[in-house]
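Fold and contact review
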Amino acid sequence: MKRRIRGVIMGRLPGMITCRALDEFIVDYLEGALAENDRVLFERHIRFCPDCRRYLARYRVALEAGERILSEMDEPVPQELVEAVLAAVTSREP
Ligand SMILES: [Zn+2]
C-alpha cells in the first residue's frame, strides 16, 4: 500500500514515471532497447525509488542466471518454466 501511494506521488512530479510504468520498461531497459528519453526517465526513477532499485537488481540477476542456464543446456527450455522462474524471482513481495 505504501509503495502504491509513493508510486502515484512520483508519477505526478514533472519528468517522473510511476513504478508501474517502470515495470513495463524494465526488459527494454535491460536489453538496451529504450529510447534515450525513456532511459533518462527510467534511471531518474531508479535513483529515487529504493523499491524499484531492488526490483531491477533482482530482475537483472534473474535474467543473467536464465541466460547462463540456457547457454549450458542442449534441450530447449519450456516457455512456462522460464516465465515461472522469472515471476518467482522478480516478485515484488519480500
Ligand atoms: Zn518505483
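One can find the structure itself at the top, above this paragraph.
Residues numbered from 1 in each chain as written. Predicted model: local features only at pLDDT ≥ 70, side-chain atom pairs only at ≥ 80, totals over all residues. Heavy atoms only, no water.

On to the coordination of the zinc ion, then. Protein ligation of the zinc ion involves Cys19 (SG), His45 (NE2), Cys49 (SG) and Cys52 (SG), the donor distances falling in the range 2.0 to 2.3 Å. Considering all four donor atoms around the zinc ion, the spread of angles at the metal, 103 to 112°, places the coordination shape in the tetrahedral class. One chain supplies every donor for the zinc ion, spaced along it as C-x25-H-x3-C-x2-C. On the criterion of sequence distance, the pair formed by Cys19 in helix α2 (residues 19-30) and His45 in helix α3 (residues 36-48) is long-range, its members being 26 residues apart. Grouping residues by exposure puts Cys19 and His45 together as buried. (Donors = N, O, S within 2.8 Å, 3.2 Å for Na, K, Ca; no water. Tetrahedral: all angles 85-135°; square planar, octahedral: opposite > 155°, others 65-115°. Helix = DSSP H or I, 4+ residues; strand = E, 2+ residues; numbered from the N terminus. Buried < 20%, exposed > 50% of the residue type's maximum accessible area, 1.4 Å probe, protein only.)

Here we come to the packing of α3 against helix α4 (residues 50-72). Across the interface, α3 lies against α4 with an axial gap of 5 Å and an inter-helix angle of 110°. With respect to α4, the element α3 is oriented roughly perpendicular. Only Pro50, Cys52, Arg53 and Leu56 of α4 make contact with α3, whose side of the interface consists of Phe42, His45, Ile46, Arg47 and Phe48. (Axes fitted to C-alpha atoms, helices over the stretch in contact; angles between N-to-C directions. Parallel < 35°, antiparallel > 145°, perpendicular 65-115°, else oblique. Contact = heavy atoms within 4.5 Å.)

Now for the packing of aromatic side chains. Any pair of aromatic rings gets described here by the distance separating the centres and the angle formed by the planes. This structure, assessed with the given rule, holds two aromatic pairs. Plain terms: the ring middles of Tyr29 and Phe42 are 4.1 Å apart, the flat faces sit at 15° to each other, and that makes the pair stacked. In this pair, Tyr29 sits in helix α2 while Phe42 sits in helix α3, placing the two residues 13 residues apart along the sequence. Each member of the pair, Tyr29 together with Phe42, is buried. Seen in terms of ring centroids, Tyr55 and Tyr59 are 5.9 Å apart; in terms of plane orientation they differ by 70°. Their pairing is edge-to-face. One end of the pair is Tyr55 and the other is Tyr59, both in helix α4 and four residues apart, which spans about a single turn. (Phe/Tyr/Trp six-rings, centres within 6.5 Å; stacked < 30°, edge-to-face > 60°.)

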